Structure formats: structure tokens, C-alpha cells
Amino acid sequence: MNLFNLQGKRALITGGTHGLGMAMAEGLASAGAELVITGTTPAKMEDALNHYKNQGFKASGYLFDVTNEVEARKNMDVIAKEIGDIHILVNNAGIIKRELAITMPVEDFRRVVDVDLVGPFIMSQLVAKQMIERGEGKIINICSMMSELGRNSVSAYAAAKGGLKMLTQNLATEWAKHNIQVNGIGPGYFATSQTAPIRVDGHPFNEFIINRTPAARWGDPEDLAGAAIFLASKASDFVNGQVVYVDGGILATIGKPSNED
Ligand code: GCO
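Structural notes, computed from the coordinates.

Procedures and definitions
Residues numbered from 1 in each chain as written. Predicted model: local features only at pLDDT ≥ 70, side-chain atom pairs only at ≥ 80, totals over all residues. Heavy atoms only, no water. Helix = DSSP H or I, 4+ residues; strand = E, 2+ residues; numbered from the N terminus. Polar contact = N/O pair within 3.5 Å; in protein donor to acceptor, adjacent residues only side chain to side chain. Contact = heavy atoms within 4.5 Å. Buried < 20%, exposed > 50% of the residue type's maximum accessible area, 1.4 Å probe, protein only.

**Considerations on unusual backbone geometry**
Alright, step 1. The residue N179 is not glycine, and still its phi comes out positive at about 60°.
Alright, step 2. Counting through the fold element by element, N179 comes out in the loop between α5 (155-175) and β6 (180-187).

In C-alpha cells, the structure reads:
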């Protein structure tokens with residue numbers, strides 16, 4: 001179990017106020033890590049910090065937009081002074097806009113790429129500076145099924161998440177010599193607020209996903225904790241530039257006709 005112990009480590013989770021970010025943060029904290037959470041909504045941050053503290057986890061929160069380089073740098077300086085070094089960075093904050101490519105406003109496309117791809121670059125660059133000085137660090141980029149597959153209406157998201165997979169490989173290439181591991185987690189279809197609109201009972205997508213997933217269910221956010229702990233811990237010290245897909249088997253299969261068992 002020592003391999004997975006995160007005692008004495010500090011993990012920063014962007015967008016860790018809810019959803020998958022929160023589930024991964026809880027996983028890391030249960031393995032011993034101290035949490036630093038970023039978000040953009042004060043009320044959500046307050047609820048999240050209460051939620052973490054009620055479970056006995058050590059957590060602090062900072063409000064800033066990861067796409068704003070100046071704000072991100074300022075906050076990272078404050079975090080370094082007030083809290084200390086970050087050992088584990090989870091680039092989790094992300095958005096999706098479901099719009100057909102033919103009519104999608106370019107400004108919507110840009111915003112998705114900004115949050116889902118440029119944000120992780122900004123945060124990785126800021127945190128890697130202290131990781132390089134220390135000679136160790138873990139960066140986990142939250143990728144997606146859309147790092148590998150396309151789907152109607154998610155062109156910006158797929159472009160950004162595909163890019164995030166390649167950013168993962170590139171940062172791993174550049175920083176491995178500093179004993180920094182940069183890996184990704186690619187969640188399959190999970191029950192979160194982001195997928196709520198396509199999960200409602202009777203929505204054709206709900207049935208489609210259950211049929212498309214060999215495990216025949218939506219992922220539960222807690223399903224991600226194991227991969228997060230692994231990639232944040234000593235257990236993965238020679239794993240670099242990989243994306244671990246936690247998808248109930250989706251990427252392993254071509255799928256099946258809806259009338260097949
Ligand atoms: C969609 C979904 C996905 C998920 C997830 C899949 O509309 O297809 O929202 O894109 O958010 O990232 O891995």
C-alpha cells in the first residue's frame with residue numbers, strides 16, 4: 001500500500017468544486033493528500049470546501065479562471081506562499097458546448113479550446129517550474145472519449161481533448177528528465193452535471209450509451225478515484241505520457257446493434 005500512499009503530498013485540482021474533479025479530489029485525499037481546489041463560482045467553492053472538511057480532509061480553495069494567465073500566475077504565487085508546493089496537478093476544469101460544426105460560432109469554439117486545452121497548458125507551465133526545482137511531480141490531464149473519437153455536435157470539445165492527449169505526450173517528453181510524470185485519464189460516459197442533459201430518461205442518447213458501453217452503465221464519478229490515485233502516486237513513477245481510459249470498455253469495442261444481447 002505504500003506505493004499508493006499520498007501522505008505529505010499536496011494536490012491541486014482545477015474545477016474540483018463538483019463532478020469528476022470532486023470525486024478525484026476525494027480519492028486523492030483518502031490516500032492522504034492535502035487538497036487545493038480551484039473554481040470560478042464562490043457559492044460552489046464554499047459548498048465544496050465544507051464537503052471536503054466534513055469528511056476530515058484538509059482543503060483550501062482559490063477562485064480564478066485557468067484561462068487567465070495573469071490571474072493564474074498571481075494565484076499560484078499566493079498558493080505557494082500561503083500553502084506551499086504543489087506535488088500533484090490535476091487539470092480537470094473543462095467545459096463542453098454541443099453545437100453542430102456548420103453553425104457553431106467561432107467564439108464558442110475558441111472558448112472551449114481555451115478552457116479545455118490552453119488552461120491545462122497554463123497551469124502545467126506554472127506548476128512545472130516548482131516541480132523542476134524539486135526534481136519530482138505528477139500532472140494528470142483529464143482527457144475524454146473525445147480524445148479518440150468524434151461525435152456529432154462536439155467538434156470544439158473533441159479538438160481540445162484530442163489536443164490535450166497530445167499535450168500530455170509532449171509535456172511527458174519534455175519533463176520526464178526532471179522526474180515529472182505527465183499522464184491523462186480518459187473518462188468514458190459518466191453521470192455528472194455535464195452529461196445531465198443527455199442522460200434524462202427517454203433521451204435516445206441515454207439508451208445509446210448504455211448499449212455502447214460493454215459494462216452497460218454510466219460511470220459513477222467514484223470509478224475514477226483508483227486511476228487518479230495510481231497516476232498521482234509512486235506506483236506510476238515510470239508511467240509517462242499515457243492516457244488511462246476509464247470507460248467501462250467503450251474504446252475496446254465497435255459496439256453492437258441495439259437488438260443484440
Ligand atoms: C458528449 C459528452 C462527452 C463527455 C465525455 C465523454 O456530449 O458526448 O458530454 O463529450 O463529456 O467527455 O468522455
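That was the structure; now back to the text.
**Brief notes about the side chain of R10**
Alright, step 1. Examined against the element boundaries, R10 turns out to sit in strand β1 (residues 10-14).
Alright, step 2. In this structure the side chain of R10 is engaged in a polar contact, spanning 3.3 Å, whose partner is the side chain of E34.
Alright, step 3. A distance of 2.7 Å separates a polar side-chain atom of R10 from the backbone oxygen of D85.
Alright, step 4. Not counting residues within four places of it along the chain, the set of residues in contact with R10 comprises E34, V36, I83, G84, D85, I86, H87 and I88.

**A closer look at the environment of G56**
Alright, step 1. Locating G56 in the fold gives a position in the loop between α2 (42-54) and β3 (59-63).
Alright, step 2. Take G56: its relative accessible area is 63%, and that puts it in the exposed class.
Alright, step 3. In the structure, G56 is positioned 15 residues away from T41 in sequence and 23 Å away in space, judged by C-alpha atoms.

**Side note on the environment of D77**
Alright, step 1. Relative to the helices and strands, D77 is located in helix α3 (residues 69-82).
Alright, step 2. With relative accessibility at 42%, the residue D77 sits in the partly exposed group.
Alright, step 3. Between the C-alpha atoms of D77 and L126, which are 49 residues apart in sequence, the distance is 9.3 Å.

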